[in-house]
Structure formats: C-alpha cells, structure tokens
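One-letter residues, chain by chain:
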Amino acid sequence: MEVKGDDDYGAFVERFELRPPPHSPPHQPLQGLTFAVKDIFDISGRVTGFGSPEWAKTHGPATSTSPVVLAAIDAGAVCVGITVMDEMAYSSIDGENVHHGTPRNPCAPDRVPGGSSSGSAVAVAAKLVDFSLGTDTGGSVRVPAACCGIFGFRPSHGIVSTTNVIPMAQSFDTVGWFARDPITLTRVGHVLFQLPIEATKQPTRIVIPEDCFQCLSSPTDQISHILNKSMEKLFGSDIINHENLGDYIRHKVPSLGKFMSNTSENQTSGIPSLAAISHSMLRLQRSEFKANHEEWVNTIKPNLGPGISDRVSGALSETSENIEWCRAIRTELHAAMCALLEVVRSRWLIFKLFSLVDTFN
C-alpha cells in the first residue's frame with residue numbers, strides 16, 4: 001500500500017474552513033471545536049468525490065450541504081476540510097485508496113488505518129481535529145476507530161439524517177462520528193440527535209450476548225469479565241442480563257431457515273444464525289449498491305483500485321434472486337431486536353457488531 005506521510009498524515013483531500021455565522025449565539029455546545037468531513041457528505045459549492053477522482057470529474061458541485069454538517073457548524077464547530085475515504089465506500093474496510101494514497105495510522109504507522117472512513121479517523125487520532133464525521137454501512141466507523149485507537153460511534157440506522165450523503169447501500173448507511181475522548185463524542189451526539197443534555201437516561205436493563213464473545217480472537221473470558229465488571233460498576237448487577245443471541249435470533253427470525261442451511265455448509269465455526277444474517281445483509285448491500293451506481297460504473301468504466309474492482313464487479317453481477325427473502329429477514333430481525341431491547345423502555349444491547357462482521361465475511 002502507498003501510505004501518505006505528509007504533515008496531515010494524508011488524512012485530507014482538501015483543506016478549507018467553514019465557520020459558524022458571525023453573529024451566532026454565545027456558548028454553543030460545540031463552540032471552539034474543529035471537525036473534518038468524510039468525502040461522502042455534500043458541501044454546497046464543492047464536488048463530493050466519493051473517494052474517486054473519476055467520480056469527482058463526472059459530477060458537479062453540490063447544491064446544498066448535508067444537514068449533519070450544518071448542524072455541527074450551527075452548534076459552533078469549525079469544519080476544516082474533507083477527508084480521504086475508500087473508493088465508493090466499498091472496500092474490505094482496510095482504509096487504502098490507490099488514488100489518494102492511504103492515510104497514515106498515528107497509532108500504528110506500519111498498519112492500515114481501517115476504512116472506509118479512514119481519513120476521518122486519522123484526522124482525529126493525529127489531533128488534527130477534535131472530532132470528525134464518517135459513515136458506517138458494515139463497520140466503516142467502528143473499524144477505523146479501533147484501528148486508530150480512538151472512539152467511534154455508529155448510532156441506530158435512520159436516527160441521524162443521511163440527506164445529501166452519497167448512498168452506498170441505504171438500508172444500512174448510517175452517519176457516525178469519531179472523537180479522542182467520550183466527553184467530546186457525547187457532545188457531538190447531543191447535537192446530531194438534537195437532544196438536550198438532560199434528556200440522557202440511565203438504562204433499565206443491559207443485555208450481554210455471551211455467545212458472541214466466543215467469536216473473538218482475543219481471550220474470551222477476559223473480555224467478558226472486563227465488560228461485566230465495568231457494567232456492574234457503572235449501573236449495578238441487577239439490570240445485567242445474559243443472552244445467547246444466536247439462539248434468540250434463530251427462534252425469532254423464521255425466514256432465516258433457508259440461508260442457515262446454505263451458509264452452514266461452508267461454515268466451520270461461529271454462530272450459524274449470525275452467519276446467515278451476514279449473508280443476507282451482504283446480498284441486500286450488493287443489490288442496493290447496484291441499483292445506486294450500476295449506470296455510472298457501466299458508463300464511465302472507472303479505474304478502480306485492487307479489491308474495489310472485484311467488489312464492484314460482484315455487486316453488478318448480483319441477481320434479484322431471494323432479495324425479497326432477504327428483505328423479509330431484515331423486517332423480522334428488526335422486530336426481534338426491538339422486542340429483545342424493549343426499545344420503548346430504553347433497554348440496551350452491549351454488542352460489538354464489527355467483530356462479527358469480520359468473523360462471518
């Protein structure tokens with residue numbers, strides 16, 4: 001990989017400043033903070049590059065700005081530039097870009113920064129900005145945050161607006177953000193969620209899926225012990241519940257049966273129901289990517305980097321077979337998770353999905 005190593009760690013595609021209006025009210029929640037934006041968010045008057053020089057050359061300037069970017073600026077933060085991302089947000093989430101170069105990981109310079117929101121994570125880790133915006137379809141905020149040793153947050157799908165954000169696969173695309181400390185992460189969250197500080201509630205029940213820890217390459221018992229003790233210290237032991245998530249999903253998502261039989265044949269370890277969920281998710285993701293970008297790819301025939309080219313080709317060859325079945329699985333899974341979490345009562349699930357995506361892909 002070609003690693004960029006200049007003063008900004010190769011994190012930026014373009015540097016500029018967008019400041020709050022001159023007569024903004026004092027004491028704004030993000031006042032005094034700087035942030036950077038992944039090259040997937042529209043900024044009025046600028047071309048959104050989508051990680052691809054050929055995309056930038058074949059698209060005009062945006063006519064409006066993403067409401068998420070505007071919300072951060074209106075809250076007092078200063079946007080200082082656009083960051084590097086994987087081409088079309090469709091990589092193996094390693095953070096490499098053959099055209100712009102790979103941002104250098106400040107935490108581990110000899111390793112990849114993770115992607116597709118690579119530049120946004122690196123900008124925060126290198127202390128070039130206080131926070132940054134990214135997107136997460138299958139781990140693209142969580143993975144680079146882990147690689148770069150910072151905090152990354154992916155909220156529930158649909159909670160934060162994706163208007164004026166180039167879609168990759170809109171059933172999964174989610175706006176997320178990075179920060180070096182949990183206080184800044186929380187401040188940004190309150191702005192993007194449009195919630196007052198006092199609206200924060202304590203959980204009434206914490207669900208820990210014990211079977212998922214068996215999929216980790218790290219010492220399972222040690223991580224589970226640390227998590228349990230941390231939750232007990234913060235919230236007490238009475239509200240902690242342990243769940244076998246694989247069994248729960250297998251019973252609550254009946255449409256999974258067909259995919260479980262197909263994926264089990266090629267699976268030697270892991271959790272069959274979650275492997276089937278991953279298979280279904282990838283089918284939907286490829287289908288939506290194809291619907292969004294097939295015409296542009298076939299017309300422009302862009303020079304895509306290694307790995308990206310294979311993934312795009314695979315998406316364009318996707319058929320509609322079983323897609324409705326995949327949508328049914330998504331609907332059933334949503335209902336099952338809402339029931340498990342008892343969403344109305346603000347119950348929690350402690351679950352590192354990026355580890356599972358890595359396990360089952």
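Going by the structure above, here's the rest.
The structure reproduced in this document is the subject of the present report. Residue numbers run consecutively from 1 along every chain, following the written order of its sequence. Totals for whole chains, interfaces and linings use all residues, but because this is a predicted model, local features are given only for residues with pLDDT of at least 70 and pairs of side-chain atoms are given and counted only at 80 or more. As a rule here, side-chain values come from all non-hydrogen atoms in the structure, and water together with hydrogens is ignored.

Only DSSP runs of H or I covering at least 4 residues are called helices, and only runs of E covering at least 2 are called strands; the numbering of each starts at the N terminus. Across its full length, the chain holds 12 helices and 9 strands. Residue burial in the chain is summarised as follows: out of 361 residues, 48% are buried. Working definition of accessibility: Shrake-Rupley area with a 1.4 Å probe, residue cover restricted to the visible protein chains. Accessible area of the chain: about 17200 Å², with a carbon and sulfur share of 52%. Only protein chains enter the area calculation, which uses a 1.4 Å probe; residues under 20% of their type maximum are buried, those over 50% are exposed, and those in between are partly exposed.

Now for the pattern of salt bridges. Salt bridges, as used here, are contacts in which a Lys or Arg side-chain nitrogen is within 4 Å of a carboxyl oxygen on Asp or Glu. Counted under the stated rule, the structure contains 11 salt bridges. Taking the shortest distance from any N to any O, the salt bridge between Glu17 and Arg19 comes out at 2.9 Å. For the salt bridge of Glu232 with Lys229, the shortest nitrogen-to-oxygen distance reads 3.8 Å. Of this pair, Glu232 and Lys229 both sit in helix α6 (residues 220–235), separated by 3 residues, roughly a single helical turn. By sharing partners, the salt bridges in this structure join Asp136, Arg142 and Arg154 into a single network.

So, on to the side chain of Ser91. Of note, Ser91 is situated in the loop between β3 (78–83) and α3 (118–125). Each polar contact in these results corresponds to two N or O atoms within 3.5 Å; when the atoms are within protein, one needs to be able to donate a hydrogen and the other to accept it, and residues that are neighboring in sequence are counted only if both atoms are side-chain atoms. Looking at Ser91, its side chain comes within polar contact range of the main-chain nitrogen of Ile93, at 2.9 Å. We call two residues in contact whenever any of their non-hydrogen atoms come within 4.5 Å of each other. Residues contacting Ser91, with those up to four places away along its chain left out, are Asp86, Ile308 and Arg311.

What a helix is expected to span follows from its residue count: subtract one and scale by 1.5 Å. In a regular helix each residue adds 1.5 Å, so 29 residues correspond to 42 Å; helix α9 (residues 272–300) covers 40 Å between its end C-alpha atoms and thus fits that length. Bend at a given residue is defined as the angle between two axes, one fitted to the seven residues that end at that position and one fitted to the seven that begin there. The sharpest bend along α9 measures roughly 60° and falls at His293. One or two residues past the end of α9 sits Lys301, with phi positive at roughly 50°.

What follows concerns the sheet that holds strand β1 (residues 12–18). Here the rule is simple: two strands pair whenever DSSP picks up at least two bridges between them. A sheet is described by the order of its strands in space; here 6 strands give the open sequence β1-β3-β2-β4-β6-β5, paired in mixed fashion. Of all the strands in the sheet, the pair left with one neighbour each is β1 and β5 (151–153). For this sheet the average axis-to-axis angle between neighbouring strands, irrespective of direction, equals 25°. The sheet contact formed by β1 and β3 spans 4 bridges and is antiparallel. The residue of β3 that forms the bridge with Phe12 is Thr83. For every element, the axis is a line fit to its C-alpha atoms; helices are fit only across the contacting stretch, and the angle between N-to-C directions ranges from 0 to 180 degrees. Sheet strands touched by helix α2 (residues 67–74): β1, β2 (34–38), β3, β4 (131–136) and β6 (174–179). Its angle to β2, the strand with the most contacts, is close to 175°. Contacting β4, β5 and β6, helix α5 (residues 182–193) crosses the sheet at an angle of about 150° to β6.

Ring geometry is summarised as follows: Phe, Tyr and Trp rings, the Trp one being its six-membered ring, pair when their centres sit within 6.5 Å, and such pairs are stacked at plane angles under 30 degrees, edge-to-face over 60 and tilted between the two. Applying the stated criterion across every chain yields a total of 7 aromatic pairs. On the basis of an interplanar angle of 5° and a centroid distance of 5.0 Å, the ring pair of Phe35 and Phe131 is categorised as stacked. With a gap of 96 residues between them, Phe35 in strand β2 and Phe131 in strand β4 connect regions that are remote in the sequence. One aromatic cluster is present, formed by Phe50, Trp55 and Trp296 through successive ring pairs. A cation over an aromatic ring shows up here: Arg15 above the ring of Phe12, its NZ or CZ 4.1 Å from the ring centre. Geometry around Tyr9 places Arg104 over its ring, the cationic atom sitting 4.3 Å from the centre. Here, a charge over a ring is recorded when the distance from Lys NZ or Arg CZ to the ring centre is within 6 Å and its angle to the ring normal is within 35 degrees.

Attention now moves to α2. Regarding α2, the residues found buried are Val68, Val69, Ala72 and Ile73. An end-on view of α2 places all buried positions within 135° of arc, on one side of the element. In this fold, the buried residues of α2 make contact with β1, β2, β3, β4, β6 and α5. Looking one or two residues past α2, Gly76 carries a phi angle of roughly 110°, positive in sign. What the arc covers is the set of directions going from the helix axis to the C-beta atoms.

For Glu295, the location among the structural elements is in helix α9. Taking the relative accessible area as the measure of exposure, Glu295 reaches 67% and is therefore exposed. When the C-alpha atoms of Glu295 and Leu316 are compared, they prove to be 9.8 Å apart, with 21 residues separating the residues in sequence.

The next thing to look at is the packing of α9 against helix α11 (residues 323–341). Helix packing for two helices is described by the angle between their axes and how far apart those axes are. Two numbers describe how α9 lies on α11: the axes approach to 9 Å, and their chain directions differ by 120°. Our classification of the angle between α9 and α11 gives oblique. The crossing of α9 and α11 is left-handed. Together, Ile277, Ser280, Arg283, Leu284, Ser287 and Glu288 of α9 and Ile323, Cys326, Arg327, Ile329, Arg330 and Leu333 of α11 make up the contact between the two elements. Classifying every residue of the contact of α9 with α11 by side-chain character gives 6 nonpolar, 2 polar and 4 charged. For this classification, under 35 degrees means roughly parallel, over 145 means roughly antiparallel, 65 to 115 means roughly perpendicular, and everything else is oblique. For any helix crossing, the convention is left-handed if the near helix is rotated counterclockwise from the far helix by under a right angle, and right-handed if that rotation is clockwise. Throughout this entry, Asp, Glu, Lys and Arg are counted as charged residues, while Ala, Val, Leu, Ile, Met, Phe, Trp, Tyr, Cys and Pro are counted as nonpolar. The remaining residues, Gly among them, count as polar.

Checked against the element boundaries, Asp211 lands in the loop between β7 (206–209) and α6. Buried charge without a partner: Asp211 forms no salt bridge, and the closest opposite charge is Arg250, 9.2 Å away. Polar side-chain contacts of Asp211 include one of 2.8 Å to the backbone nitrogen of Gly246. When residues no more than four places from it in sequence are discounted, the contact partners of Asp211 are Glu243, Asn244, Leu245, Gly246 and Ile271. Positive charge is attributed to Lys and Arg, negative charge to Asp and Glu, and no charge count is given to His or to the chain ends.

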